[in-house]
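# Tertiary structure, described
Here are the chains, one letter per residue:
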Amino acid sequence: MNTENRKILILTRGGSHAYGLSTPKSDVDTRGVFVNTSVEHLVGLKRDEVLVEQNETKDVVMTEFRHALKL
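Not measured: the values here are computed from a predicted model. (Residues numbered from 1 in each chain as written. Predicted model: local features only at pLDDT ≥ 70, side-chain atom pairs only at ≥ 80, totals over all residues. Heavy atoms only, no water.)

### Some thoughts on the overall build of the protein chain
Short version of the rule: Every helix listed is a DSSP run of H or I at least four residues long, and every strand listed is a run of E at least two residues long, numbered separately from the N terminus. It is over C-alpha atoms that the radius of gyration is taken, and the globule rule equals 2.2 Å times the number of residues to the power 0.38. To sort residues, take the accessible area from a 1.4 Å probe on protein chains only and compare it with the maximum for the residue type: under 20% means buried, over 50% means exposed, and anything in between is partly exposed. Residue contacts are defined here by distance: any two heavy atoms, one from each residue, within 4.5 Å place the two residues in contact.
Counting its regular elements, the protein chain contains 3 helices and 4 strands. Counting from the amino terminus, the protein chain carries its helices and strands in the arrangement β-α-β-α-β-β-α. Over its C-alpha trace the protein chain gives a radius of gyration of 14 Å, far above what one expects of a compact globule, namely 11 Å for 71 residues. Taken along the three principal axes of its C-alpha coordinates, the protein chain extends 45 × 20 × 15 Å. For the protein chain, buried positions account for 25% of its 71 residues. The contacts in the protein chain between residues at least 6 apart in sequence include a share of 54% that link residues at least 24 apart.

Encoded structure:
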């Protein structure tokens with residue numbers, strides 16, 4: 001996951017690990033909010049973004065700050 005021009009504000013565990021229900025076969029769910037500091041994004045030329053990376057052992061969802069406010 002490319003984090004250039006992205007400043008992470010919060011990063012936390014979610015899913016079964018957050019609720020204490022994980023098993024040895026559980027994947028690790030990570031959730032986060034970031035601010036995109038690229039010029040195009042700051043002046044409104046690019047839209048809010050959500051970054052997702054998934055495989056068998058991890059599930060990462062990072063949401064841009066403005067998009068997180070809309071949610």
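### Details of the side chain of Thr 63
Of note, Thr 63 is situated in strand 4 (residues 58-64). Contact partners of Thr 63, with chain neighbours within four places excluded, come to Gly 32, Val 33, Phe 34, Glu 49, Val 50, Ala 68 and Leu 71.

### Description of the sheet that holds strand 2 (residues 28-36)
Where we set the bar: Any two strands with at least two DSSP bridges between them are considered paired. Only C-alpha atoms enter the line fits that serve as axes; for helices the fit covers just the stretch in contact. Angles between N-to-C directions range over 0 to 180 degrees.
Strand order in the open sheet formed by 4 strands is 1-2-4-3, and the pairing between neighbours is mixed. Edge positions in the sheet fall to strand 1 (6-14) and strand 3 (50-54), since each of these pairs with one other strand and no more. Going across the sheet, the axis of each strand differs from the next one's by a mean of 15 degrees, ignoring polarity. Relative to strand 4, strand 2 runs parallel, the two being bridged by 7 bridges. Residue pairing for strand 4: Gly 32 is matched across the bridge by Met 62.

### Quick look at the environment of Val 35
Relative to the helices and strands, Val 35 is located in strand 2. Sequence separation between Val 35 and His 67 is 32 residues; the distance between their C-alpha atoms is 10.0 Å.

### Notes on the pairing of strand 2
Bridging between strand 1 and strand 2 involves 8 bridges; their strand directions are antiparallel. Within the sheet, the bridge partner assigned to Arg 6 lies in strand 2 and is Asn 36.

### Things to note about the pattern of salt bridges
Applied cut-off: The working definition used for a salt bridge is a side-chain nitrogen of Lys or Arg within 4 Å of a carboxyl oxygen of Asp or Glu.
Scanning the model with the defined rule gives 3 salt bridges in all. Linking Arg 6 and Glu 49 is a salt bridge whose minimum nitrogen-to-oxygen distance equals 3.2 Å. Of this pair, Arg 6 sits in strand 1 while Glu 49 is found in the loop between helix 2 (39-42) and strand 3, placing the two residues 43 residues apart along the sequence. Both residues of the pair, Arg 6 and Glu 49, count as buried. A salt bridge links Asp 59 to Arg 31, with the nearest nitrogen and oxygen atoms 3.5 Å apart. Taken together, the residues span a long stretch of sequence, with Asp 59 in strand 4 and Arg 31 in strand 2 at a distance of 28 residues. Of the residues examined, Asp 59 reaches a relative accessible area of 11% and is grouped as buried.

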